[in-house]
Amino acid sequence: MPHSFPSTGWVESLVAILNEDERYAHVARGWEGDLLFEIHPDGDGPGVGQGVQRVYLDLWHGRCRSGSFHEVGSLNVPKAAFSMLATKAQFLRILSGELDPMQAMLTRKLQVVGSMGYILRNVPVVLDFVRCCRRVELPGQPTG
Amino acid sequence: MPRYLLAHNIASMYEDQDEWVRDWGGLRKRARGAATWLASWYCAETNRLYCEWEAPDLASIKACFTSIELDMAPIASMEEVVHMDPAWLD
């Protein structure tokens, strides 16, 4: 079932995928660190702070212990070890496979707050996480 | 132009995205003269970075690196290689 990004349905679908994906469980078995997507409106660069939607994912040793979607202005957004900031358009380019996540980080289209060293040392985990994100079907875009 | 494959053992990793982007951007600019940085592959399991270069000689590649970059990613090996493309078989 398709879910728009970002939305509660998209997060719930991703959490289910992460927790049933054997490859992710194996690749990410050593991963410790929750993650926050900060999704900025298109045309509004990361860091501005207005109109930001957020997705929180508690990723721990190959599992996703919880996930939540936070609309603009939500006050109860958990702090995370890693934050990834981008416009909605750039997130969608990554989710559709149009933009490589490493390229997105190296060109700052995706800004990372948190230990870049940990991210780089765990690149296979990051890439497999993105593979799982791409499994969530978006409206008008069937996933393989 | 000869091609070379360099293997770097990563001694220390960038902890800040801006530092990583700035340093690699600087190397990209320096690697547009006699030597050209063509591509890189990182192996997380061995913490090694493999880089493909095109250059007249090894010295022109070495000249592209700052001492800090070589401290962070010392060169473990530099080998002249020959490019072969599987697509040639199509």
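Rules behind the numbers
- Residues numbered from 1 in each chain as written.
- Chains lettered and ligands numbered in written order.
- Predicted model: local features only at pLDDT ≥ 70, side-chain atom pairs only at ≥ 80, totals over all residues.
- Helix = DSSP H or I, 4+ residues; strand = E, 2+ residues; numbered from the N terminus.
- Rg over C-alpha atoms; globule rule 2.2 N^0.38 Å.
- Buried ≥ 20, exposed ≤ 12 C-beta atoms within 10 Å, placed from the backbone.
- Contact = placed C-beta atoms within 7 Å.
- Nonpolar A, V, L, I, M, F, W, Y, C, P; charged D, E, K, R; others polar.
- Pairing = 2+ DSSP bridges.
- Axes fitted to C-alpha atoms, helices over the stretch in contact; angles between N-to-C directions.
- Arc of directions from axis to C-beta.
- Core = buried A, V, L, I, M, F, W, Y, C linked by C-beta atoms within 7 Å.
- pLDDT = per-residue confidence, 0-100.

1. Concerning the overall build of chain A
In terms of helices and strands, chain A carries six helices and five strands. Mapped in sequence order, the helices and strands of chain A form the string α-α-β-β-β-β-α-α-β-α-α. Over its C-alpha atoms chain A spans a radius of gyration of 14 Å, differing by no more than 12% from the 15 Å that the globule rule assigns to 144 residues. Its C-alpha atoms give chain A principal-axis dimensions of about 35 × 35 × 30 Å. Taking all 144 residues of chain A together, the buried fraction comes to 37%.

2. Topic: the interface of chain A and chain B
Listed by partner, the interface residues are 13 residues for chain A and 10 residues for chain B. At the level of secondary structure, the elements contributing two or more residues to the side of chain A that touches chain B comprise helix H4 (101-106), strand E5 (111-113), helix H5 (116-121) and helix H6 (123-135) of chain A. Taken together, the residues of the side of chain A that touches chain B break down into seven nonpolar, four polar and two charged.

3. Regarding the sheet that holds strand E4 (residues 82-87) of chain A
Residues and elements named next belong to chain A. Read across the sheet, five strands follow the order E3-E2-E1-E4-E5 without closing on themselves; strand pairing throughout is mixed. Single-partner strands in this sheet number two, and they are strand E3 (63-70) and E5. Strand-to-strand twist across the sheet, computed as the mean angle between neighbouring axes with direction ignored, equals 15°. Of the strand pairs in this sheet, E4 and E5 are connected by three bridges, and their pairing is antiparallel. Residue Met84 lies in a different strand from E5, and its bridge partner there is Val112. In the packing of helix H1 (residues 8-20) onto the sheet, the strands contacted are strand E2 (53-60) and E3, and the crossing angle to E3 comes to about 175°.

4. Side note on helix H3 (residues 88-96) of chain A
Along an α-helix, a turn takes 3.6 residues, which lines up residues three or four apart on a common side. Residues and elements named next belong to chain A. Along H3, the positions that sit buried rather than exposed are Gln90, Phe91, Ile94 and Leu95. Looking straight down H3, one finds its buried side chains confined to an arc of 140°; they lie on one side. Against strand E1 (35-40), E4, H4 and H6 lie the buried residues of H3.

5. A closer look at the nonpolar core
Membership of the largest hydrophobic core comes to 39 residues, with the highest contact counts inside it found for A:Leu14, A:Met84, A:Phe91, A:Leu110 and A:Phe129. In this structure A:Phe129 touches A:Tyr24 and A:Ala28, once residues within four positions along its chain are discounted. Membership of the second largest hydrophobic core comes to nine residues, among which are B:Leu6, B:Ala35, B:Ala55 and B:Cys64.

6. Looking at the pairing of E1(A)
All names here are of chain A. With six of six residues buried, E1 lies mostly within the body of the structure. A two-sided burial pattern is seen for E1, the buried positions comprising Leu35, Phe37 and Ile39 on one face and Leu36, Glu38 and His40 on the other. Sheet topology note: the E1/E2 ladder contains five bridges and is antiparallel. In the strand pairing of E2, Phe37 is matched with Val55. Taken together, the six bridges between E1 and E4 define a ladder with parallel strand orientation. Looking at E4, one finds that Leu35 is bridged to Phe82.

7. Description of the confidence of the model for chain B
When pLDDT is averaged along chain B, the result is 95; 100% of the residues meet or exceed 70. Mean pLDDT values over the elements of chain B span from 94, in helix H3 (residues 67-72) of chain B, up to 98, in strand E1 (residues 3-9) of chain B.

8. Here's the deal with the pairing of strand E3 (residues 48-54) of chain B
For a regular strand, side-chain orientation follows a simple rule: the groups alternate between the two sheet faces. All names here are of chain B. Sheet topology note: the E1/E3 ladder contains seven bridges and is antiparallel. The partner of His8 across the bridge, within E3, is Leu49. One ladder, built from seven bridges, connects strand E2 (residues 36-43) with E3; its direction is antiparallel. Within E3, the residue paired with Cys43 across the bridge is Arg48. Linking E2 back to E3 in an antiparallel pair, the connection comprises four residues, with Asn47 at a positive phi of about 55°.

9. A few points about the sheet that holds E3(B)
Residue and element names in this part refer to chain B. In spatial order, the strands read E2-E3-E1-E4; together these four strands make up an open sheet with antiparallel pairing. Both outer strands of the open sheet, E2 and strand E4 (75-81), are each paired with one neighbouring strand and no more. Each strand of the sheet is rotated relative to its neighbour by a mean of 20°, with strand direction disregarded.

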